[in-house]
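Understanding the architecture of this molecule
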Amino acid sequence: MSRPVPRRPEYHKINRDLLVLTYGALVAQLCKDYEKDEDVNKYLDKMGYGIGTRLVEDFLARSCVRRCHSYSEITHIIAEVAFKMYLGVTPSVTCNNSSKNEFSLILDKNPLSEFVEELPAGRSSLCYCNLLCGIIRGALEMVHLAVDVMFLQDRLKGDSVTEIGITFLKQPEKKKYRRRK
């Protein structure tokens, strides 16, 4: 008789669930430590930035994505590959202007706020999931793309969807490579 092969646990699902459960406790502790919502938002963004600068290496190694040639391509890779890989959701992407440097990621379901019913009383300007903005900004800056990332809508604040706005701040440089003779 052959032995049954032990199944490997789904580490990404375990990691995602662990993040979701502990994230609420982290935000609650930050709300106790800081009186102003702006300070909590800045700290969450700073934490996210640090995560993003490290996460981009893992993403590039595991996803095998090729070089992107437009902001639209970059935004679609973030939505369809990165969000799916790390959070298990795929946001929809919309372009917000004619110069094609402003995009929105629209999440019907935000995993970080899965177990949150409402924001704490007196914390109306708290961006609960601001960590995501920092992660996106940190990861893109590591590949030399300056961006501004912010929440445009949030279900926790009564909006119908969660929307993250990404604005690319400068045009990518077109490098011309010469062949060596």
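Attention here is on the structure that accompanies the text. (Residues numbered from 1 in each chain as written. Predicted model: local features only at pLDDT ≥ 70, side-chain atom pairs only at ≥ 80, totals over all residues. Heavy atoms only, no water.)

**A short note on the packing of helix α2 (residues 37–63) against helix α4 (residues 130–142)**
What counts is decided by this rule: For helices, the fitted line uses only the C-alpha atoms of the stretch in contact; every axis is such a line through C-alpha atoms, and the angle between N-to-C directions lies from 0 to 180 degrees. Note on conventions: DSSP H or I runs of at least 4 residues are helices, E runs of at least 2 residues are strands, and numbering of each starts at the N terminus. Angle categories: roughly parallel below 35 degrees, roughly antiparallel above 145, roughly perpendicular from 65 to 115, and oblique for all the rest. Crossings are sorted by hand: turned counterclockwise from the far helix by less than a right angle, the near helix makes the crossing left-handed, and turned clockwise it makes it right-handed. In this description, contact between two residues means that some pair of their heavy atoms is separated by no more than 4.5 Å. Here the term charged refers only to Asp, Glu, Lys and Arg, the term nonpolar to Ala, Val, Leu, Ile, Met, Phe, Trp, Tyr, Cys and Pro, and the term polar to all other amino acids, Gly among them.
Direction vectors running N to C along α2 and α4 enclose 40 degrees, while the axes themselves pass 6 Å from each other. With respect to each other, α2 and α4 are oriented oblique. Where α2 crosses over α4, the handedness of that crossing is right-handed. For the pair α2 and α4, contact is made by Asn41, Leu44, Asp45, Met47, Gly48, Tyr49, Ile51, Gly52, Thr53, Leu55 and Val56 and by Asn130, Leu131, Cys133, Gly134, Ile135, Arg137, Gly138, Ala139, Glu141 and Met142, respectively. Considered class by class, the residues forming the contact of α2 with α4 number 11 nonpolar, 7 polar and 3 charged.

**Let's talk about the sheet that holds strand β3 (residues 147–153)**
What counts, and what does not: Should DSSP find at least two bridges between two strands, the strands are regarded as paired.
Reading across from one edge, β1-β2-β4-β3 is the order of the 4 strands in this open sheet, with antiparallel pairing throughout. Bordering the open sheet on either side are β1 (92–95) and β3, each of which pairs with just one other strand. Geometrically, the sheet is characterised by an average inter-axis angle of 25 degrees between neighbouring strands, direction not taken into account. When strand β2 (residues 102–107) meets strand β4 (residues 162–168), the two strands line up antiparallel, connected through 6 bridges. Following the sheet pairing, Ser104 is matched in β4 by Gly165. Across the sheet, helix α3 (residues 71–87) is in contact with β1, β2 and β4; its angle to β2 comes to roughly 20 degrees. Across the sheet, α4 touches β2, β3 and β4, and the angle it forms with β3 is around 155 degrees.

**Topic: α3**
As a reminder, the rule being used: The term bend refers to the angle at a residue between two fitted axes, each drawn through seven residues, those ending there and those starting there. Relative accessibility thresholds used throughout: buried, under 20% of the residue-type maximum; exposed, over 50%; partly exposed, between the two (1.4 Å probe, protein chains only).
Approximately 30 degrees is the largest bend angle found in α3, and it occurs at Ile78. Listed as buried for α3 are Tyr71, Ile74, Thr75, Ile78, Ala79, Ala82, Phe83, Met85 and Leu87. Remark: Gly88 follows α3 within two positions and exhibits a positive phi of approximately 75 degrees.

**Concerning the side chain of Arg137**
Note the following rule: Each polar contact in these results corresponds to two N or O atoms within 3.5 Å; when the atoms are within protein, one needs to be able to donate a hydrogen and the other to accept it, and residues that are neighboring in sequence are counted only if both atoms are side-chain atoms.
Along the polypeptide, Arg137 turns up in helix α4. Polar contacts involving the side chain of Arg137 include one to the side chain of Asp45, which spans 2.5 Å. Sequence-distant contacts of Arg137, that is, excluding residues within four places in its chain, are made with Asp45, Tyr49, Val147 and Val149.

**Here's the deal with the nonpolar core**
Short version of the rule: To form a nonpolar core, buried Ala, Val, Leu, Ile, Met, Phe, Trp, Tyr and Cys residues must be joined to one another through side-chain atoms within 4.5 Å.
Membership of the largest hydrophobic core comes to 35 residues, with the highest contact counts inside it found for Phe83, Ile136, Ile164 and Phe168. Where this core is concerned, the elements lending two or more residues are α1 (11–33), α2, α3, β2, α4, β3 and β4. Beyond its immediate sequence surroundings of up to four residues, Ile164 is in contact with Phe83, Phe103, Ser104, Leu105, Leu107, Leu132, Cys133, Ile136, Val149, Met150 and Phe151.

**Brief notes about the packing of aromatic side chains**
Rules: Classification of ring pairs uses Phe, Tyr and Trp, with its six-membered ring standing for Trp, and accepts pairs whose centres are within 6.5 Å; under 30 degrees between planes counts as stacked, over 60 as edge-to-face, and the remaining range as tilted.
This structure, assessed with the given rule, holds 4 aromatic pairs. With a centroid separation of 5.3 Å and an interplanar angle of 85 degrees, the aromatic rings of Tyr23 and Tyr128 are classed as edge-to-face. A residue pair is termed long-range when its members are at least 10 positions apart, and Tyr23 in helix α1 and Tyr128 in the loop between β2 and α4 qualify at 105 residues. With a relative accessible area of 6%, Tyr128 lands in the buried category. Residues Tyr71 and Phe168 carry aromatic rings whose centres are separated by 4.1 Å and whose planes lie at 10 degrees to one another, so their mutual orientation is stacked. Here the residue Tyr71 occupies a position in helix α3, and Phe168 occupies one in strand β4, the gap between them amounting to 97 residues. Residue classification places Phe168 among the buried residues on the basis of a relative accessible area of 1%. Ring-pair connections join several aromatic residues into one group, and the members of that group are Tyr71, Phe103 and Phe168.

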